[in-house]
Amino acid sequence: MNPLFKSCILALFIFLLFPGCQKFVQIGPPNTQLVTSNVFTSSPTATAAQTVIYTNMSNNLESYLLSLDNGLLADELTNYTTDNFQTAIYHDALNVGLGGIGPWTNAYNYIYQSNAIIAGLRNNNFIPAKVSNQLSGESKFVRAFWYFYLINLYGDVPLITGTDYTVNSTAPRMPKAQVYQQVIADLTDAEGLLNNNYVDISDTTITSERVRPNKSAAAAMLARTYLYLKKYDSAEAKATEVINNNIYVLNSNLDNVFLKNSSEAIWQLMIPLPTSFNTWDGFLYILTSAPNNVAISPDLMSNFEAGDNRKSHWIGTYNTTNPQTSYYFVNKYKNISSTVTEYNMVLRLAEQYLIRAEARAQQGNLSGAISDLNIIRNRAGLANTSASTQSALLIAILHERQSELFVEWGHRWFDLIRTGTINSVMGSPGNACQSKGGIWNPNSQLYPIPQAEINVNPNLTQNPGY
Amino acid sequence: MKITDRRPHAQMRGLAQNWLAMKLTIVLLTAAVFQVNARIVAQKINYSAKNVSLEKLFAVIKQQTGYVFIYRSQDIAAAKPITVELKDASVETALHESLKNQALSFMIQGNTVSISKMDNHLPANETVIPNENAPPPIDISGKITDKDGNPLNGASVKVKGTNKGTTTAADGVFVLKGVEGNATLEISFIGYETTNVAVNNKTSIIASLNAAIQSLQDVVVSKGYYTTTQRLNTGDVSTVKGADIQKQPVTDFILALEGRVAGLYIQQASGTPGAYSNITIRGQNSIANGNDPLYIIDGVPFSSVSLTSTNIGGGAIGRPSGITSNGTGVASGGAGMSPFNSLNPSDIESIDILKDADATAIYGSRGANGVILITTKKGKVGKTQGNLNIEQGWGKVTRELNLLNTQQYLAMRREAYKNDGLTVPSFTTTPTNTIYDINGVWDSTRYTNWEKTLIGNTAQFTNIHGEVSGGTANTQFLIGGGYSNQGTVFPGSYSDQKISTHFNLTHASDDGRFHVQFTASYVYDNSNLPQSDLTSNITLAPDAPAIYDANGKINWQILNGKATWANPLAGTVAQAKAITNNLTSNLGASYRVLDGLEVKSSFGYTHTQMNQNILVPATASAPPNDFNPANRSNNFATTDFQTWIIEPQVNYQKKISKGQLNVTFGATLQQNTKKSIAERTSGYASDALISNPLAASTIQLSSNADVLYRYSALFGRIGYNWMEKYLINITARRDGSSRFGPGKQFGNFGAVGAGWIFSKESFFQNNLSFLSFGKLKGSYGSSGNDQIPDYQYLSSYSSLSSTYQGITGLYPAQLANPYFGWELVKKIEGSLELGLLKDRILISANYYRDRTGNQLVGYPLSAITGFPSIQFNLPAVVQNSGWEFSINAVNIRNKNFTWMSSVNLTLPANKLIAYPNLALSSYSSAYIIGQPISGRRSYQYTGVDPQKGVYTFATKNSNGIPSSPQDLVSFLPFTQKFYGGLQNSFTYKGFQLDILVQFTKQLTRNYLNNFALPGAFNTNQPVSVLGRWQNPGDNSSIQKFSTGTSQNSALYNAGKSSNLGVSDGSFIRLKNLSLSYHIPDGLQKRLHLHGARIYLQAQNLFTITNYLGLDPETGGLNLPPLRMITAGVQLAL
């Protein structure tokens, strides 16, 4: 064969490779990922996209961090670290130099995921209506849940309800009231969409596992939101809805309140598996040595009335021998073994009684308020309340909330802010902030907007004082 | 727990890919082999013709026999036409016949026939008529060697003035029969000076050849797919020889390039062995993506990405954070292990650095940031020779940061309390207060020099390298092996150990048409480091407790059952181990189909695997947690990276008119797969068990990635030079990358380079005779950058390893933008090269300007979008321009003494030319148009308030604390004003001394950025803080001491982000000093050695700088580059 001819064949061969090259560089998605458009074509994948939010909320320690940060800011916890960040929080000396504070980034990520699910299920022909309703309901619930925390931590926040980053990336802060409207609209929608009962991964079959929000969870969140908005009649109505649902019963035994699927649980987060412990709260608050992080503050210890069983059942003691010192720790969760008997409590019935008590007291229904308050007091082994006037009752309810809901999802800090008592509790001489070694600054009621966020979004403004 | 194993599936996919690769390989190899068989044919010539030209006859002989002819066309053109009748004639006969009446002689070497004009212009027939009066011819045998006595295989021995000649065999021996006793032999060999030896009736002749002194202009320059010489190069390529790299005691060759090449900027990030360095060629082109050059080792791309798991980090060498830049370009705390740590610097023959469009456009979408071509050692013709190099060294931290002593420190703390209006709390009154340094819990009379304690040890360095090489004219081989060990300066025994092998086999067929070459290196690297770089702990209070207690155990200074400090030794109890196995291999085959036409193909395969463990025993935790199983952990990561590449190529060269045409055309298919898996395990019952994950109570998969990258291309080059005077070079590439979405995968790139060697013009030759060489050249073209993460165009969900209600979750992996495309760099360059005094002085000056547009920005988004960023092409333009100068001079060269110098100097300038809507973008608080992108906007510091003693700034806030972005009124350009190196080499008899000085003029962040507020608990300060403000009216540049009130802290932190936090970080470093002595020949012979050299080498000997801190290059509280001094011996056996 002529050598020139042969080399031409070879050259031709190289040329022929090229159309192959076009295809060669078109690769499929990685086997560790699933293309978005396929996620919402089947119920199991759509469900997996919803439940991952709960996994993330658990893995990201939301419950622990909200209770820790707000417990330190308020008067519930004593700091034992030298960590700059935590010390600043403890001293109520929040500043932008500390970096991002609070669940800002995570919350908006959960909101994005919820928005993506809501959008993915809209006009969707692949997923049955029953499944679609449950998942949309859960997404709306989650969206509302996190907006509730965002506005109570940061004040006005950008309101994002879509997934288009071109629109969202420069969204300005919305007045709190407007965000609250969205929270109420979402929770109301969710209440309509969600199952009365708890569902499993089929999204329709009923299960005893109270680990995904149902209709009552939406009602419970609504009750709390109305209370914060001082819409007491609505708060009372929603709390009543939950209280009247006979699947919820207060545990008479305080040790059982935080067990998984406890009769008091309205919504719990299960610990994602595999795990070596039960809850992050239990794992991180229970002391097995002298504290190197936090312990319960003397303020909180002294808040309990004599004979309050919550002090003996929900607070643990760690004694050091030399020198002899007792440290007190949050012991609502008790199990730190790898056998799961407890779930992280997000919403529970006791709060609903206290919401209704406060809503009733505010509306002048003192006997109704007293009756609700006493239900909680009696369960803790305390006698009926002695408060009889509206103002005394409101103080008693606030005090009861402190004893009942301590170091849970930041209740105490929010209560101090929303009732306007924060400056007197934290600020006056001899009070909480000073005993923590800090100097009270009323601007600390709102977290600073993370500086990095202001840097990338020209429409974001900072909170006063930062 | 159970981890879902996806591997079978992955294997299937891998098999399919390998099958495709194999199929291609087989096709190409078959084609090549087929060609070889076809060409080895009968060598008898049958041809008859009347009055044909010699050229035509040669063509016929060539066609029939495959012999190749070498001649000057003017010689042949002058020859008479001939008439021949050849029947089954041998080549020799045919040539005798055809040349008998011509003034031409021929010589056959292998399958090459060289035709030359006879020197004496005598008719050919006269030379063969024996002179009756002359003595009878004699038979001569002899041996040709080099200066060192090594035999030269294939040297040409020719009887001068005749066509009689032969070549030497492998042992250098030749035999010539029937030579006139008064003849002269002309002995020549490539790379050696031609020598004439008079026979003088001797029958035995031994001659040695001197190596030719090669002009730097004749140095072969590799441009990857083709080579050229420095003289004819139209592009910008710098070459560093392996010998210069091997003079430096480093385990990562990148560190040996510092200061050697204009335009190549290397910044060592840490003195810890194996640490990643930042490397850029001609500046930062990309705002957000990779600015790494493309690395090619023997034709195979080598990933510049650290294999250290981003998930578990690399301990003291840090965690790769992808594309990081904190303004200084240094990822704080290191960026994982350097990928080049798994190569042995001793295996490197040379490194070519490709910079301009002419050189890089043929690399298309990967060439934007320049190309670094690494060529490993190859076997050479000659007798088998061994080479052994043994080196031992010692490394130390040289520069110390002067910190306060205990007395000064405690005084500072007390003053801080006083300034804050507080009384110093005593332990008895406030036992919960954790200020142990001052309340009596710690022994306040103690003093520890933490620098000495934590980074004061001597690092051992051992390097042993051996090599055997040799071969015949057809086949050469090289086998090398090495071991190196570099310790650390940390307490405890930590090291980075390397065992390497290198192999090369080269073969050429007898007719010289077929070449095949195989090269492979295998390196095993075992890195064992502390979990953290202890340098960050040198700011501990000087009265902090002792690191060991009375029993020699880690001291936690227990109070109430609780540690009162974080003992830095905890970072050494916990270990970061990494074992890397790296195979790089390449097979190249070429076949010369026709004269000037060559077909070749290269097949490359690399496989790098890193297995990491971060082992944390409970003893690394403060008591009583030192027995808590939950605190015992072992984090695993395995990263596996494979590349294969096939590059078929056709080269064609032809003389056209008075010029030489070179054409190259080829294609590339490449695939990278990267698989990584990371697991966290914890809950071990005992520290002794932590190496065994089966003993863990918790095993969790923390990451699992499987990334495929494919790349294909067609490339071509046309070069033409006219009389070696006018040069033009056109290169182009069309390539596609799987990192982009459908429709955006392919891009076209190309460049034109041109050169004019004006010294060849008669005007210059006649009038400027001192000018031995002069070239003007320039290039313009484009290349691209695809250094972005894979799959960014896909909108996808990833699955989570943990389950909720029994199912694994799916979460959105990223915000997707399917429309993004290449970053395009347009490069323009002009340069002047001059050779003076017979090229003893070579000067080159370049101006370059690279503009990168279509910036692919991992555009930071507000977290309110759900994600921190999105990939997106922005019509922003970054310009890198600058001047590069280099001078190479032979100052003195005589018999015993030579002095050579080379200087390189780079004056880079980087600026952001355009950025649409910068003010509205997320970079608004970082960049300013017209300023460098490595710079940052900053606050404007305006001094210490003489009344209040705190920092003041130009601020709009009434409280004096500046806030971003409104008070970012200043700009700090963190760039190098200039950098370069100065090398001097001296040889005197057997001594050789090389001195390399590296220098950089730059602005960097200063110590302020790494220290807490002066006066705060447990943070020591440089002694310069003693000049602080004390009393109203004081004028000072240092804020008053404070325990950390929020106002003072905020002002101090603002200072870091202002021009106060920046200072001159220029330095001059004696980078390398190498002194060696060749043992005299006589002694060598007695020791039965072929060569012996003893040497002393020193790296980073000293540094001159005004920088306040440990080191201006590594910056911050990172381990500075070590001063390494080694002694060694090199033996040729």
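In this text, all values refer to a predicted model and were calculated from it rather than measured experimentally.

What follows deals with the packing of helix 10 (residues 215-228) of chain A against helix 11 (residues 232-244) of chain A. Each packed pair of helices is defined by two parameters, the angle between the axes and the distance between the axes. Residues and elements named next belong to chain A. Their axes nearest at 8 Å, the elements helix 10 and helix 11 cross at an angle of 155°. Between helix 10 and helix 11, the interaxial angle falls into the category roughly antiparallel. In this structure, the crossing between helix 10 and helix 11 has a hand that is left-handed. Side by side, helix 10 and helix 11 meet where Ser216, Ala219, Ala220, Leu222, Ala223, Tyr226 and Leu227 of the first sit next to Tyr232, Ser234, Ala235, Lys238, Ala239, Glu241 and Val242 of the second.

Residues and elements named next belong to chain B. Per the stated rule, a full pass over the model turns up 63 aromatic pairs over all chains. Between the aromatic rings of Trp442 and Trp565, the centroid separation amounts to 6.4 Å while the plane-to-plane angle is 75°, which identifies the pairing as edge-to-face. With Trp442 in the loop between helix 8 (406-419) and helix 9 (450-455) and Trp565 in the loop between strand 28 (562-563) and helix 10 (570-573), this residue pair connects regions lying 123 residues apart in the sequence. The burial state of Trp442 is the same as that of Trp565; both residues are buried. Aromatic side chains Tyr923 and Tyr927 sit 5.1 Å apart centroid to centroid with 15° between the ring planes, which places their arrangement in the stacked category.

A cis amide bond links Leu273 of chain A to the next residue, Pro274 of chain A, at an omega of 0°. Of note, Pro274 of chain A is situated in the loop between strand 3 (265-269) and helix 12 (280-285). Even without being glycine, Ser657 of chain B reaches a positive phi, approximately 55°. By secondary structure assignment, the location of Ser657 of chain B is in the loop between strand 31 (633-656) and strand 32 (659-682). The class of Ser657 of chain B is exposed, set by a relative accessible area of 58%. Not every positive phi belongs to a glycine, and Asn1100 of chain B is a case in point at roughly 55°. Topologically, Asn1100 of chain B is positioned in the loop between strand 53 (1091-1099) and strand 54 (1103-1105).

Residue and element names in this part refer to chain A. In this fold, Met57 is placed in helix 3 (residues 43-59). On the accessibility criterion, Met57 (1% relative accessible area) is buried. Put simply, Met57 and Asn309 are 252 residues apart on the chain and 31 Å apart in space, counted from C-alpha to C-alpha. The residues touching Met57, leaving out its near neighbours within four places in the chain, are Glu62, Tyr110, Phe145, Trp146, Trp267, Leu269 and Trp409.

Now for empty space enclosed by the protein. Residue and element names in this part refer to chain B. As enumerated under the stated definition, the model contains 13 cavities of 30 Å³ or more in all. Along the walls of the largest cavity sit 18 residues, with Val250, Leu255, Gln268, Gly271 and Gln486 positioned nearest its centre. When its residues are assigned to classes, the lining of the largest cavity shows 7 nonpolar, 9 polar and 2 charged.

With that out of the way, let us pick up the interface of chain B and chain A. At the interface, 91 residues of chain B touch 83 residues of chain A. Between chain B and chain A the total buried area reaches about 7,500 Å² when both faces are included, carbon and sulfur atoms providing 67% of it. Scanning the region where chain B abuts chain A turns up 0 salt bridges. Linking chain B to chain A there are 17 residue pairs in polar contact (both at pLDDT 80 or more).

To continue, consider the sheet that holds strand 12 (residues 204-209) of chain B. Residues and elements named next belong to chain B. The strand order 9-6-12 describes an open sheet built from 3 strands, whose pairing is mixed. Looking along the sheet, the strands with just one partner apiece sit at the ends: strand 9 (173-179) and strand 12. Each strand of the sheet is rotated relative to its neighbour by a mean of 25°, with strand direction disregarded. In the sheet, strand 6 (residues 138-146) pairs with strand 9 via 5 bridges, with the strands oriented antiparallel. Along strand 9, the bridge assignment pairs Ile138 with Val179.

A few words now on the nonpolar core. The nonpolar side chains of soluble globular proteins are, as a tendency, buried together. Of all hydrophobic cores here, the largest spans 157 residues; its most connected members are Trp104, Phe141, Phe145, Trp146 and Trp267 of chain A. Top contributing element to this core by residue count: helix 7 (residues 129-154) of chain A, with 14 residues. Ranked by size, the runner-up nonpolar core spans 76 residues in total, among them Trp442, Ala578, Ile961 and Leu1119 of chain B.

The next thing to look at is the pattern of salt bridges. Tallied over the full model, the rule gives 50 salt bridges over all chains. For Asp372 of chain A, the salt bridge is made with Arg356 of chain A, and the minimal N-O distance between the two is 2.8 Å. One end of the pair, Asp372 of chain A, is in helix 16 (residues 366-379); the other, Arg356 of chain A, is in helix 15 (residues 349-362), with 16 residues separating them in the sequence. The class of Asp372 of chain A is buried, set by a relative accessible area of 0%. With its nearest N and O atoms 2.7 Å apart, the salt bridge here joins Glu829 of chain B to Arg282 of chain B. You can see Glu829 of chain B sitting in strand 39 (residues 823-836) and its partner Arg282 of chain B sitting in the loop between strand 17 (277-281) and strand 18 (294-297), a full 547 residues away along the chain. As far as the burial class goes, Glu829 of chain B and Arg282 of chain B line up, both buried. Members of the salt-bridge network, linked through shared partners, are Glu264, Glu305, Asp308, Arg310, Lys332, Arg348, Arg377, Arg379, Glu400, Glu404 and Glu408 of chain A.

Rules used throughout
- Residues numbered from 1 in each chain as written.
- Chains lettered and ligands numbered in written order.
- Predicted model: local features only at pLDDT ≥ 70, side-chain atom pairs only at ≥ 80, totals over all residues.
- Heavy atoms only, no water.
- Axes fitted to C-alpha atoms, helices over the stretch in contact; angles between N-to-C directions.
- Helix = DSSP H or I, 4+ residues; strand = E, 2+ residues; numbered from the N terminus.
- Parallel < 35°, antiparallel > 145°, perpendicular 65-115°, else oblique.
- Left-handed = near helix turned anticlockwise from the far one by under 90°.
- Contact = heavy atoms within 4.5 Å.
- Phe/Tyr/Trp six-rings, centres within 6.5 Å; stacked < 30°, edge-to-face > 60°.
- Buried < 20%, exposed > 50% of the residue type's maximum accessible area, 1.4 Å probe, protein only.
- 1 Å grid on protein atoms, 1.4 Å probe; cavity = no way out; pocket = protein on both sides within 12 Å on 5 of 7 lines; lining within 4 Å.
- Points joined across faces, edges and corners; volume = space filled by probe spheres on them.
- Nonpolar A, V, L, I, M, F, W, Y, C, P; charged D, E, K, R; others polar.
- Buried area = accessible area lost by both parts, 1.4 Å probe.
- Salt bridge = Lys/Arg side-chain N within 4 Å of Asp/Glu carboxyl O.
- Polar contact = N/O pair within 3.5 Å; in protein donor to acceptor, adjacent residues only side chain to side chain.
- Pairing = 2+ DSSP bridges.
- Core = buried A, V, L, I, M, F, W, Y, C linked by side-chain atoms within 4.5 Å.

By themselves these figures say nothing about function.
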